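What follows is the residue order along each chain.
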2 protein chains.
Amino acid sequence: MKQIVQCIPNFSEGRDLDKIEKIVSPFRGKEGVKLLDYSCDEDHNRMVVTVVGEPEPLKKAVLEAVGVAVELIDMSRHEGQHPRMGAVDVIPFVPIRNVTMEEAVAMAKDVAAAAWEIYQLPIFLYEKAASAPHRENLAAVRKGQFEGMAEKIKDSQWHPDFGNQLHPTAGITAVGARMPLVAFNVNLDCNNLDFANQIAKNVRHLSGGLRYCKGIGIELKERGIVQVSMNMTDYSKTALYRVFELIRIEARRYGVNVVGSEIIGLLPMEALIDTAVYYLGVENFSMDQVLEKRIME
Amino acid sequence: MKQIVQCIPNFSEGRDLDKIEKIVSPFRGKEGVKLLDYSCDEDHNRMVVTVVGEPEPLKKAVLEAVGVAVELIDMSRHEGQHPRMGAVDVIPFVPIRNVTMEEAVAMAKDVAAAAWEIYQLPIFLYEKAASAPHRENLAAVRKGQFEGMAEKIKDSQWHPDFGNQLHPTAGITAVGARMPLVAFNVNLDCNNLDFANQIAKNVRHLSGGLRYCKGIGIELKERGIVQVSMNMTDYSKTALYRVFELIRIEARRYGVNVVGSEIIGLLPMEALIDTAVYYLGVENFSMDQVLEKRIME
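Bear in mind that the values here come from a model prediction, so they are computed numbers and not experimental data.

Analysis parameters
- Residues numbered from 1 in each chain as written.
- Chains lettered and ligands numbered in written order.
- Predicted model: local features only at pLDDT ≥ 70, side-chain atom pairs only at ≥ 80, totals over all residues.
- Heavy atoms only, no water.
- UniProt positions renumbered as here; feature names shortened; annotations may be inferred.
- Helix = DSSP H or I, 4+ residues; strand = E, 2+ residues; numbered from the N terminus.
- Pairing = 2+ DSSP bridges.
- Axes fitted to C-alpha atoms, helices over the stretch in contact; angles between N-to-C directions.
- Contact = heavy atoms within 4.5 Å.
- Parallel < 35°, antiparallel > 145°, perpendicular 65-115°, else oblique.
- Left-handed = near helix turned anticlockwise from the far one by under 90°.
- Nonpolar A, V, L, I, M, F, W, Y, C, P; charged D, E, K, R; others polar.
- Buried area = accessible area lost by both parts, 1.4 Å probe.
- Salt bridge = Lys/Arg side-chain N within 4 Å of Asp/Glu carboxyl O.
- Phe/Tyr/Trp six-rings, centres within 6.5 Å; stacked < 30°, edge-to-face > 60°.
- Buried < 20%, exposed > 50% of the residue type's maximum accessible area, 1.4 Å probe, protein only.
- Lys NZ or Arg CZ within 6 Å of the ring centre and 35° of its normal.

Draft legend 1. Layout of the UniProt feature "domain: Formiminotransferase N-terminal subdomain" (unreviewed entry) in chain A. Per the UniProt record, the feature "domain: Formiminotransferase N-terminal subdomain" (unreviewed entry) sits at residues 3-179 of chain A. Helix makes up 33% of residues 3-179 of chain A and strand 24%. Its end C-alpha atoms lie 15 Å apart.

The structure is reproduced here in structure tokens:
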């Protein structure tokens, strides 16, 4: 059975189509690598690439794209609304099939070491690859952004894991490994943002809720409703149905109802199959009963 | 994107391990063909093989296995509880990915023509490949079984689609195309078989229920409960959640409750993903958001 890893590198270029195409091209037409998606945001001036592949060819393609981005993107002239610290801002590796988290961490470290060696691009390891607990969270790692990084990395708490100085134009990159994220939003039949924020607080890990759930309330202005917007950081441990039912329960306190949900972007089939198995009360179900899983083996 | 078809040939040999291994061997180690499962039943004296593959190599492998079975199985000496009419009793082709039902029907006809030409094995086409409505249903086609077939095929209503006489030892085979079957059973918290049978009648197509649902009541004696045992013949049109919720509603009439369910054997991921999307109320969901679907493309 082949090993499959997903990688979602974020590049600090979301406007110049010529540069975007050059950065993406190392992911095209390669044996063992498949470009699933790339989406650019003009306001953020940022591109998110989604690619899957076998470990060795995937690492090679990612490194190649890093080289292109380091050459083409000048962070000293970069403007955009999204927090960022490097030409390649962040590179997460996600184990998908027949791959352990330890192997994904090893891939992150390989790419990190090579990026410094080949391109003199310094690296913070983050999430499951982090070298210390305070470096796990990407927001903490990126705090200060490109403009503040030269100063930040002088602090012994924030020495890069690879390299010892900022790249003059490409800045610094976070490379790590994590579980697949599922972006799961639940809609409420009211327009009170406080209710959505309060429910988000009740179900998210940070403030006493479910361990692998991050969440905030947001307004869907054009529909006149609010939403609990979440990132499920490990659907295999905090199931989608669990947070969905919990939101339904919490919503009662405010006299509001759940009226639907949305899933943004890609998610592994298991996240939804597990939810179906829960609602149907299927006994003794095994993922080996799923035809596509067997075909992929 | 590769085309993938499933085939579930049923052979009238479930006891002799040497013969079983020889019949299965054409499905092993072939490019473009993958043996997923084979299960033998001593009482039925029957083997059900589940194999997937690309159309051309799959047809070749199936024909090869038919040849082995025709050579090894003597129906004039066959005993077993399951209805059967041939050494290869039935060969359904099931479109799985990037294949239309019309293409699966064409595969069935190709295999049927070749089986007669090469092995002088006569064929009834059935289900979506049937040459007339009264020949769609396998039970109707097989009625009379091996022992009655020589007589049955003299009736102009039952001339074989390929061939004009029974094979002396291998009998006759039904070859067809159909949607994937999902074997879905729903458990009730009572031991009254009449209730299960009555609920089965209410939800199945035959007696006024859902179009792509067949069902009967059965007893799970060791657990002291009864079950509505179903074959869902087109999950894309009659969804699993629909029959599950309908059984819950029908059960109220008898004062009983649904206490769980089971899925027997393999099923396509979409059958369960569709159910999860229903229960979570996911808006605008697309199967293209499923990572594994994208990887398989």
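Draft legend 2. Layout of the sheet that holds strand S11 (residues 258-264) of chain A. All names here are of chain A. Reading across the sheet, the 4 strands line up as S9-S10-S8-S11 and stay open at both edges, with antiparallel pairing between neighbours. Taken across any chain shown, the strands that pair with only one partner, and hence form the sheet edges, are strand S9 (213-220) and S11. Between one strand and the next, the sheet's axes are offset by a mean angle of 25°, whatever the strand orientation. Alignment of strand S8 (residues 182-188) against S11, held across 6 bridges, turns out to be antiparallel. Looking at the pairing, leucine 188 lines up with valine 258 of S11. Sitting on the sheet, helix H6 (residues 193-203) is in contact with S8, S9 and strand S10 (225-232), with an inclination near 170° to S9.

Draft legend 3. Molecular detail of the packing of helix H6 (residues 193-203) of chain B against helix H7 (residues 240-252) of chain B. Residue and element names in this part refer to chain B. Here H6 crosses H7 at 130°, and the two axes come no closer than 10 Å. Taken as axis vectors, H6 and H7 run oblique relative to one another. As for the relative orientation of H6 and H7, their crossing is right-handed in sense. Counted together, Ile199, Asn202 and Val203 of H6 and Val243, Leu246, Ile247, Glu250 and Ala251 of H7 form the full contact between these two elements. The class makeup of the residues in the contact of H6 with H7 is 6 nonpolar, 1 polar and 1 charged.

Draft legend 4. Structural detail: the interface of chain A and chain B. Facing 43 residues of chain A, the contacting portion of chain B comprises 43 residues. In this assembly, chain A packs against chain B so that about 3800 Å² is buried in total across both faces, 68% of it on carbon and sulfur atoms. Of all residues in chain A, the largest losses of buried area upon contact with chain B belong to Leu280, Glu283 and Leu291 of chain A, amounting jointly to 19% of the total for that side. Taken together, chain A and chain B are joined by 2 salt bridges. Taking the shortest distance from any N to any O, the salt bridge between arginine 223 of chain A and glutamate 283 of chain B comes out at 2.8 Å. Looking at the side of chain A that touches chain B, the element that brings in the most residues is helix H8 (residues 269-280) of chain A, giving 8 residues. Across the side of chain A that touches chain B, the residue classes tally to 27 nonpolar, 8 polar and 8 charged.

Draft legend 5. Geometry of the packing of aromatic side chains. Within the structure shown, the criterion is met by 12 aromatic pairs over all chains. A ring pair is formed by tyrosine 241 of chain A and tyrosine 279 of chain A, whose centres lie 6.4 Å apart and whose planes are at 75°; its orientation type is edge-to-face. Highlighted residues: tyrosine 241 of chain A in helix H7 (residues 240-252) and tyrosine 279 of chain A in helix H8, separated in sequence by 38 residues. Judged by relative accessible area, tyrosine 241 of chain A falls into the buried class, the value being 15%. Taking the centre distance of 6.0 Å and the plane angle of 85° together, the rings of phenylalanine 124 of chain B and tryptophan 158 of chain B count as edge-to-face. Taken together, the positions of phenylalanine 124 of chain B in strand S6 (residues 123-127) and tryptophan 158 of chain B in the loop between helix H5 (145-152) and strand S7 (173-177) put the pair 34 residues apart, joining distant regions of the chain. By the ring-pair criterion, three or more aromatic residues cluster together here, those being Tyr241, Tyr278 and Tyr279 of chain A together with Tyr241, Tyr278 and Tyr279 of chain B. In this arrangement the basic side chain of lysine 152 of chain A is found over the ring face of tryptophan 158 of chain A, its NZ or CZ atom lying 4.1 Å from the centre.

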